[in-house]
Structures are given as structure tokens and as C-alpha cells.
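These are the residues of each chain, in order.
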Amino acid sequence: MRVPFRSGQASRMMSRTVIGSCVHRAASGRFWSDGLSWDVWASETTEMALAYLVSGGSSESA
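Residues numbered from 1 in each chain as written. Predicted model: local features only at pLDDT ≥ 70, side-chain atom pairs only at ≥ 80, totals over all residues. Heavy atoms only, no water.

Caption draft 1: A look at the overall build of the protein. In terms of helices and strands, the protein carries 2 helices and 0 strands. The 62 residues of the protein split such that 15% are buried. Carbon together with sulfur atoms contributes 59% to the accessible area of the protein, which is approximately 4900 Å² in total. (Helix = DSSP H or I, 4+ residues; strand = E, 2+ residues; numbered from the N terminus. Buried < 20%, exposed > 50% of the residue type's maximum accessible area, 1.4 Å probe, protein only. Areas by Shrake-Rupley, 256 points an atom, 1.4 Å probe, with all protein chains shown as cover.)

Right, here's the structure in full:
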């Protein structure tokens, strides 16, 4: 896997994004339920994060 940004910038950004989304989901889940278990949500979030990191951080569609 190639590192898309210098010096771990992408992994730091991704970890902040995932942590923030975990907090947001935990705080708002009972009001705006997405119908997913935490295991399913974590799996889907992991897939999206890895796809972003492998893509080189590009916002363009493949």
C-alpha cells in the first residue's frame, strides 16, 4: 500500500475522522438511528477509510 501523503498525514486525518464519526454516532444514534449494529458500522467505516488511504487521498471517483 502506498502512503498518499507525506509523513503519515493521511492516517492522522483518517483517525481523527473515524474517532469523530464514532462520537457523533454514539451521541445521535438514539435520535437518528441508521439501523446498523456497531459491528456492521465499524466494518463499513473501515472499508471506506482503507479505500481513501489506498486511493492517495483523491476526491475523484474511480
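Don't stop here, the text continues.
Caption draft 2: Up close: the pattern of salt bridges. What the rule picks out here adds up to 1 salt bridge. Residue aspartate 34 pairs with arginine 25 through a salt bridge whose shortest N-O separation is 2.9 Å. With a relative accessible area of 40%, aspartate 34 lands in the partly exposed category. (Salt bridge = Lys/Arg side-chain N within 4 Å of Asp/Glu carboxyl O.)

Caption draft 3: Region of interest: the layout of surface pockets. The computed volume of the largest pocket comes to approximately 180 Å³. Around the largest pocket, the lining is made up of 14 residues, and of these Arg25, Gly29, Trp32, Ser33 and Asp34 lie nearest the centre. For the lining of the largest pocket, the secondary structure elements donating two or more residues are helix H1 (9-28) and helix H2 (38-55). For the lining of the largest pocket, the leading source of residues is H1, giving 5 residues. Among the residues making up the lining of the largest pocket, the classes are represented as 5 nonpolar, 7 polar and 2 charged. (1 Å grid on protein atoms, 1.4 Å probe; cavity = no way out; pocket = protein on both sides within 12 Å on 5 of 7 lines; lining within 4 Å. Points joined across faces, edges and corners; volume = space filled by probe spheres on them. Nonpolar A, V, L, I, M, F, W, Y, C, P; charged D, E, K, R; others polar.)

Caption draft 4: Structural context of H2. The first and last C-alpha atoms of H2 sit 25 Å apart over 18 residues, in line with the 26 Å expected at 1.5 Å per residue. Burial in H2 covers these residues: Trp41, Thr45, Ala49 and Leu53. All buried residues of H2 lie within an arc of 95 degrees about the axis, which places them on one face of the element. Facing away from the buried side of H2, by more than 90 degrees, are the exposed residues Asp39 and Glu47. Glycine 56, located one to two residues past H2, shows a positive phi value of around 90 degrees. (Expected span 1.5 Å × (residues − 1). Arc of directions from axis to C-beta.)

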